[in-house]
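Structure assessment
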Amino acid sequence: MATAAKEKPMERKLIRISSKRQVTIPQRYFDRLGFGQEAECLLRGDELILRPIASQSDGAFSEQILADLIAQGYSGEALLERFKAEQKKIRPAVMRMIEDADALAASDQKDPSLDDLFGEA
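Residues numbered from 1 in each chain as written. Predicted model: local features only at pLDDT ≥ 70, side-chain atom pairs only at ≥ 80, totals over all residues. Heavy atoms only, no water.

What follows covers the overall build of the protein. When helices and strands are tallied, the protein shows 5 helices and 2 strands. Burial statistics for the protein: of 121 residues in total, 12% are counted as buried. When contacts within the protein are restricted to residue pairs at least 6 apart in sequence, those whose partners lie at least 24 apart make up 15%. Carbon and sulfur atoms make up 55% of the accessible area of the protein, which amounts to about 10,900 Å² in all. (Helix = DSSP H or I, 4+ residues; strand = E, 2+ residues; numbered from the N terminus. Buried < 20%, exposed > 50% of the residue type's maximum accessible area, 1.4 Å probe, protein only. Contact = heavy atoms within 4.5 Å. Areas by Shrake-Rupley, 256 points an atom, 1.4 Å probe, with all protein chains shown as cover.)

Given below as structure tokens:
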């Protein structure tokens, strides 16, 4: 007989909402979840969910972007400017992929392939 997985207890803290609709994330939650300069705000039914967003300076895809730009002949200031522009495209592209995958998962299609979920390689 399988045992039910133990759920982590939910923590609760009442917070105030300012006249400008601003809230302060309690420090212990902020630190534990690794919040930085940005947060993702989601509406799920009657719940508001805030999730930390990793900063773009975390190095995600940085080496690949730099290698590609160098191979294209960029260097110096032009490399730096193009790198910043390319790095800003990552998050929106990933968010579009997630939205597309969520829509496909919610559809009636049975057993979608990886190509269906993420496009052709």
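What follows covers the pattern of salt bridges. Counted by the stated rule, this structure contains 6 salt bridges. In this structure, Glu11 engages Arg28 in a salt bridge whose closest nitrogen and oxygen atoms are separated by 3.5 Å. Remark: Arg28 occurs in helix H1 (residues 27-33) and Glu11 occurs in the segment before H1; sequence separation between them is 17 residues. Residue classification places Glu11 among the partly exposed positions, given a relative accessible area of 39%. Of the charged contacts in the structure, one is a salt bridge between Arg44 and Glu47, with a shortest N-O distance of 3.0 Å. Since its relative accessible area comes to 52%, Arg44 is described here as exposed. Glu47 gets classed as partly exposed once you look at its relative accessible area, which sits at 38%. (Salt bridge = Lys/Arg side-chain N within 4 Å of Asp/Glu carboxyl O.)

Take a nonpolar patch on the surface next. On the surface, Ile15, Ile17, Val23 and Leu50 cluster together to form a nonpolar patch covering roughly 350 Å² of accessible area. The topology assignment puts Leu50 in strand E2 (residues 47-52). We classify Leu50 as partly exposed; its relative accessible area is 37%. (Patch = residues over 30% accessible without salt bridge, like charges linked within 9 Å, V, L, I, M, F, W, Y side chains within 5 Å.)

What follows deals with the packing of aromatic side chains. Enumeration according to the criterion identifies 1 aromatic pair in this entry. Between Phe30 and Phe35, the aromatic rings sit 5.7 Å apart at their centres with planes inclined by 20 degrees, giving stacked as the arrangement. (Phe/Tyr/Trp six-rings, centres within 6.5 Å; stacked < 30°, edge-to-face > 60°.)

This brings us to the side chain of Gln87. Considering the arrangement of structural elements, one finds Gln87 in helix H3 (residues 76-87). Within polar-contact distance, the side chain of Gln87 engages the side chain of Ser62 at 3.4 Å. (Polar contact = N/O pair within 3.5 Å; in protein donor to acceptor, adjacent residues only side chain to side chain.)

All right, on to the layout of surface pockets then. Roughly 1,000 Å³ of volume is contained in the largest pocket. In this structure, the largest pocket is lined by 22 residues; those nearest its centre are Met10, Glu11, Tyr29, Leu48 and Leu50. Broken down by secondary-structure element, the contributors of at least two residues to the lining of the largest pocket are H1 and E2. Counting residues per element, the lining of the largest pocket draws most heavily on E2, which supplies 6 residues. The residue inventory of the lining of the largest pocket, partitioned by class, reads 14 nonpolar, 1 polar and 7 charged. (1 Å grid on protein atoms, 1.4 Å probe; cavity = no way out; pocket = protein on both sides within 12 Å on 5 of 7 lines; lining within 4 Å. Points joined across faces, edges and corners; volume = space filled by probe spheres on them. Nonpolar A, V, L, I, M, F, W, Y, C, P; charged D, E, K, R; others polar.)

With that settled, the discussion passes to unusual backbone geometry. With a phi angle near 65 degrees, Arg21 is a residue other than glycine that sits in the positive phi range. Within the secondary structure, Arg21 sits in the segment before H1.

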